[in-house]
Every structure is written in structure tokens, then in C-alpha cells.
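# Inside the fold
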Amino acid sequence: MPASTRSRHLQDPKEPEDPGTTTEHPGTTEKPENAETLGNSEKPEAAGNTEKPEAAGNTEKPETAGNTEKPETAGNTETSPDAGNPESSPDAQPGKPRVPRDAETPESDEPTGTSEPTETPAASASAEDAEDAEDAENASRKSHPPSLRSRLAHWRSWRGRHPRAARALRWTATILSAVLVLGALLLPNQLQMLRTDQFLRLPGEAIIAAALLLALPRKPRVAVAAAGGAVLGALTVLNLLDMGYAEYLGRTFNPILDWGLLDDAQSYVADSMGEAVAVGAAVGVVLLVVGLFASMALAVVRLGNLLADHRQTATRATLAAGTVWMTCSALGLQYTGEPIAQDRAATALTDKAREVRKTLRDEAAFEKETRVDAFGNTPPAQLLPDLRGKDVIFTFIESYGRVALTDPEISPGVDRALDAGQQALTKAGYRARSGWLKSSTFGGGSWLGHSTTMSGLWIDNQQRYRTVMNSDHLSLTKAFGKTGAWDTVGIMPGVQKAWPEQRYYGLDKVYNAFQMGYQGPAFSWSTMPDQYALESFQRLEHGKDRAKPLMAEIILTSSHQPWAPVPEMVDWKDLGDGSVFDSIEKKGQKASEIINDSGKSRVAYGKSVEYSVTALTQWLERYGTDDTVLVFLGDHQPITRVSGNTSVRDVPVSIVAKDPKVLDKIAGWKWTDGLKPAPDAPVWRMDSFRDRFLRAYGSTPHPTK
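How each quantity is defined
Residues numbered from 1 in each chain as written. Predicted model: local features only at pLDDT ≥ 70, side-chain atom pairs only at ≥ 80, totals over all residues. Heavy atoms only, no water. Helix = DSSP H or I, 4+ residues; strand = E, 2+ residues; numbered from the N terminus. Expected span 1.5 Å × (residues − 1). Buried < 20%, exposed > 50% of the residue type's maximum accessible area, 1.4 Å probe, protein only. Pairing = 2+ DSSP bridges. pLDDT = per-residue confidence, 0-100. Contact = heavy atoms within 4.5 Å. Arc of directions from axis to C-beta. Axes fitted to C-alpha atoms, helices over the stretch in contact; angles between N-to-C directions. Parallel < 35°, antiparallel > 145°, perpendicular 65-115°, else oblique. Left-handed = near helix turned anticlockwise from the far one by under 90°. Nonpolar A, V, L, I, M, F, W, Y, C, P; charged D, E, K, R; others polar.

### A word on helix 3 (residues 163-186)
Structural remark: α-helix, 3.6 residues per turn; residues separated by three or four positions point the same way. Between its terminal C-alpha atoms helix 3 stretches 34 Å, which fits the 34 Å expected from 24 residues at 1.5 Å a residue. Among all positions in helix 3, only Ala-166, Thr-174, Ser-177, Val-181, Ala-184, Leu-185 and Leu-186 are buried.

Take a look at the structure:
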């Protein structure tokens, strides 16, 4: 019997078989291993061989303990001939049908010559080995995930199994890639130009890129395509930002200065629509940008590979497209008023590069400008002598622009509020004159309008704002404090954190949103109604006995977008801690109901300006004195959704006083009598107001050197 074959002798019940040894018979000739043994191609022993298979009725005595089989290890390459090959098993007898293994009877305790074959230790070990191997393979898959190469191989095999679906998927991916790339190349940066006809053009950048990719070998081609896709992704993001900034601020996005304003935008969304909406919007924007960059890079790589796979056809098509583009450009062919041959992407990138260079140069130039001040060296005694003894109050009304007085849908309600205020103030002995100022900002960035008015410098971006705030350039409010003749305070309901600008404005004291005792609800972005802010000013400062007159800067916020809900006037005696506004806020419109609706936004904007103007004129009528001088103006026009696509940045400005001498000083300005400036009243740049005001009231220029 071969040495690799386990003994099938019946075991003595008194002496159990030791599976650790193999029974061998002296004088027998060893045969080759069974053909099913791994790697062995020899056939099993024939019936006529010198050693016959042992039958169940073999008369050989059971093996003794001294001649036991050795255990087979997991690494043993020898296989029992009957394991997995039942036909060659010694138990199979000629002429006798083989009993299936699962129908075998249990092994008898007593050996007999007629008992059925029993399951051998070799078969059990083989099954256990198979299970162990399967468990090991499963564990290996869990601990070692498939490699990228194996995944790609699996994907390729899927394409082979489903050729039609794979072909449809390839075509779909290619078409989407082409649409994505062409859309990015032709995307305008203005919302009103986002029309279908704008995409029916021939972009010259696509032709140049195709020629370049065709000329490159594979690895450089993929690298250049991926980089080009990333550039297209960045250009798309910049175009989308331009649309948003033009809608809200009336200008394009500045890639150097405006990133910080995105945080303000998130705060605005949180204040207007809730923290959850703001966080969700921020996460969505980040995912969109990442997905855009990745998709654009993959799209360009795919198109580049397609060109390379069909190089001859692609070369001819590129030459033909280039010829068509140059012909259209030379002849000036147009479609819907726009050239067919476009280079919009290249122009956009060039414009942004030019804007970056201009911004960097402007920083140094503006810093020099802040050092030049016509009143920088004016002695205190020569500043504002004609206003001594007066309480002078500068009040900015949020988003109070020309559109509030000229738009036929908005102006009727605002006109009624101004007319009612004019009548009440005239009855109380006040007179007023009004004109127009051209704001340095549009739609937002109120602080730019405030600082331009007070500094006499044109501040239209964040860099200029930071520069002037850190300078010693004289602000109009600081001029009052410099004289020593006024106490200076600020009422800032929109300020909810540290405000270092207080130093530049020269304000002795500033009351922010948390320092006025308000316990009522916020009205969207506005922390409190204007009526309450004015009543707080009266309670905290204006109504107190004081040794010096008062100069105050007040920022009213109830007309800040999104204009929902809008506060309503209540009896001044009932204001208390502001809780009276709870019911008004609850029944008002929600910001989400109007924020994307131009018609509703215009109506709500008009109501908010009516409210702010009414609150201010009623406060003056109620609490003003013979020595009160009120200067109130807008900081900028409302956003494009309300103002329309206009370049007009005018805001109304009015000066109100009981003392006729105050208005006589500005008679030469040719402003309109009353609270409403005439449409043709003079329009000045906002940065000219400081010097005109100082000169009008007796200040003597002493320029800085």
C-alpha cells in the first residue's frame, strides 16, 4: 500500500486507532499516488496490481498502537486517493452499487465483515481543510480590499459582459463632458445674460486646447487636461460669484479682497433664515465647488483621450473649426447681437488678472491718499464753530436709495410717509433741505457708505476700508470730538461683536445690539426695530441733562434686506423692553417667503423704508429741541432684485433744524426744500460731503503736509 494512503482497517474498539501513523506492509511495492493528488498526473493503481484495495471485510488485524498513522498537516501536499474520488475508493466493490456518503449508516462498535463503509478521518480532514481555506480567503478579502487595478479589471469585464449598456454609458459620459466644458467656456458672468442663445457660440479656447492635446503624448496630455479642467472649474466659480456680487452689490467679485465677505454672507443667511439653513447652504456650496472641480478635470481628460483615440479625424475637425472661427471673427458675424466667434473665457481671465494688478497697486496709492487731509491740521477752535451748542445727529437709514422715491411701485408709500413727517415737523417748527449723494457702494456693504461719508475718501472695497480705519485721517464725527465742545456717542444696533472702528470715528461711547436693553424678537437680520433703537438713544443719552451738547451717529437697520418681517409702529409709551413686538414679528412675513420673489421684495422694501422714515421723523417731532440738528441719509441703493439693473447709486440726504441759520449756511448748495429731494436736485459724490459740511459751518482748512 502506498505510504501516502491512510489505513482503512477496522479499528479495535479497545485500542483506538492513532491517526498519527501510516500502516505499511513489508514486502509490498509502493505505487504512484492517486491522479487527483495536486500536481500528480499518474493514474491510480490498477486492479491487477500487486496490492489490491482493501475491502471492508479485509481480514487483516487492526493496527496496533505502535503502528499508527501520522497526522496530516495543513501543508501536506499528499492526498488520499479516496478523498474526492469515490470511484477509486477501496470501498467501492465491482458489481455492487455504491451507497451515497450521506446515506451511510453510523459506524458500528464491533467490526464485522458486512458493515457499510464508514467516513474516514481523511475525508473529515479534507472537509475541514476546505472550510479553513474558505474562511482564510474571506478574512483576506476583508483585511485586504481589492486594489485599483483589480477594480479596473472588474469594470472592464463588466463592459465585456454588457456591451450595449457600456456603449450607451460611454456616449452619455462623452456628451456630458462636452456640454460641461463648452458651458464653462461660454458661461457669462451676469445673471441677466444667462440665456440659451449665449451658449450657441464657437469658443476659440476649445479649438486651441484640442490642438494642444492632440500634439501631446499620453502622460503630458492627461496632466495638461486635468490642469485645464481645474482652471475651467475656477473660472466657473468666479463667474458664479460675479453673478451673485452683481445681484447684491452691483459689482463683480474681487479675488483679492472679497473672500472675507463670504463669511458675512453666511452670517446674513443665518440671521435671516436660521443657523441650520446657513450651515446647510455652506456645506452644499463646498460640495458643489469640489464636485465642479473634479467633474471639470475628468471631463477634459476624457475629451482629450477621445481626441487621441481618433487622432486623424480629430485633427481634421480641429482644423475645420479653427478655419470657421477665424472666418467668423474676421467677418464679424453675429447671432442675437453677439459675435459667433467667442473668446469669453480668455477675456474673463484677463479681466480678473487686470483687476488683481489694479487692486495691488491701489493699496499703496490709497495709503498715500489717506495722509493728505484738507482739515488734518485745523486747530480745534476752527472746526465747526457755527454749530457750537447744537445737538447734531447723523443718521443712516439702511438701503434708503433713489429707487424709494422714484419707482412707481415703491415710492407712493414712501412719499406718504415723508409728506406726513414733513407736515408734523413743519408744525413743530422744523425746516428741511434735501439733495442727492452718489454712494460708493450698491446693494450692501453699508460700512463702505458710512466711512465714505464721514472720511471724505472714496471707500469702495474692504482693503480701502481697513486702510482708512487704521489711519489718522480726520473723520467728520471725530472733528466734533476734537473740538472738545461735544460729547460723542454711537447707536449701533447692527453691531454684535467688538467694533474697533470706534477709535477712528472718535466716539466716546458706543451702544451695540446688547447694550440697549432690548428683549423683543429680532426682525430677520435687524436685531431690533428702529423705533426701539431711537427710544433707547433718547433714554440713554439724548434725554439726559449734560454739560455739553451731543453729537451722535445712529445706524437704523429695519430697512435692511430681506425686509421680512417688517416692524410696525407702536405707541412710544408702550415700547418698554421691546416685548411688545413679539406679536408683530410672529404675524409678519417670513424671509423665505419673499427672498427669491422680486415683486414681493419690492413691496416689502417700500414698507420697511416707510417704517424707518416714520420712526425717525416721529422721534424728532417727539424729542427734538430748538438746538437739534438732524442729518439723515441713505447708505446705498437696495439690491438689484429691487433697484433693477441700473448703474444709479444715488441716495437721498436731508438736513433738518429749527434754527433757520443752520439751513441758511447751506443755501448755496441749491438743495430742495423739504424732506424729498427733487429728481433734478444736485448729485454729489458721497466722499465730497465731509469737506462741504465742514466748510459750510465755519471750519478753516489746514492741510496736512
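Further notes follow.
### Section: unusual backbone geometry
Following Gln-561, the chain continues into Pro-562 via a peptide bond in cis, with omega recorded as 15°. Tracing the backbone through its elements, the reader meets Pro-562 in the loop between strand 9 (550-556) and helix 17 (582-587). For the peptide bond that leads from Ala-564 to Pro-565, omega is -10°, which places it in the cis range. In this structure, Pro-565 sits in the loop between strand 9 and helix 17.

### Considering the pairing of strand 10 (residues 628-634)
When you tally the buried positions in strand 10, you get 7 out of 7 residues, the bulk of the element. Side chains of strand 10 alternate between two faces, with Thr-628, Leu-630, Phe-632 and Gly-634 and Val-629, Val-631 and Leu-633 buried alike. Where strand 5 (residues 391-397) and strand 10 come together, 7 bridges link them in parallel fashion. For Thr-395, the partnering residue across the bridge sits in strand 10 and is Phe-632. Bridge count for strand 10 against strand 11 (residues 650-657) is 5 bridges, and the pairing is antiparallel. Of the residues in strand 11, the one forming a bridge with Val-629 is Ala-657.

### Focus: the confidence of the model for the protein
Close inspection of predicted coordinates is inappropriate in any region flagged by low pLDDT. Residues at a pLDDT of 70 or more form 78% of the protein, whose mean pLDDT is 83. Between residues 1-119, whose pLDDT stays under 50, and residues either more than four places distant or in other chains, the model counts 133 contacts.

### Observations regarding helix 8 (residues 311-331)
Here helix 8 spans 30 Å end to end across 21 residues, near enough to the 30 Å set by a 1.5 Å rise per residue. Among the residues of helix 8, those classed as buried are Ala-314, Thr-318, Gly-322 and Cys-328. Seen along its axis, helix 8 keeps its buried residues to an arc of 135°; they face one direction. The exposed set on the far side of helix 8, more than 90 degrees from its buried face, consists of Gln-312, Arg-316, Leu-319, Ala-330 and Leu-331. Residues of helix 8 that are buried sit in contact with helix 4 (204-215), helix 7 (275-309) and strand 4 (341-342). Immediately beyond the C-terminal end of helix 8, within one or two residues, lies Gly-332, with a positive phi of roughly 65°.

### Considerations on the packing of helix 5 (residues 218-249) against helix 7
Packed helices, taken two at a time, are described by their axes: the angle between them and the distance between them. Orientation of helix 5 relative to helix 7, taken along the N-to-C sense of each, is 140°, at an axis distance of 7 Å. Accordingly, the angle class assigned to the pair helix 5 and helix 7 is oblique. When the axes of helix 5 and helix 7 are compared, the crossing they make is right-handed. Contacts from Arg-221, Val-222, Ala-225, Ala-226, Gly-229, Ala-230, Leu-232, Gly-233, Ala-234, Thr-236 and Val-237 of helix 5 reach helix 7 at Val-289, Leu-292, Phe-293, Met-296, Ala-297, Val-300, Val-301, Gly-304, Asn-305 and Ala-308. A per-class count over the contact of helix 5 with helix 7 returns 15 nonpolar, 5 polar and 1 charged.

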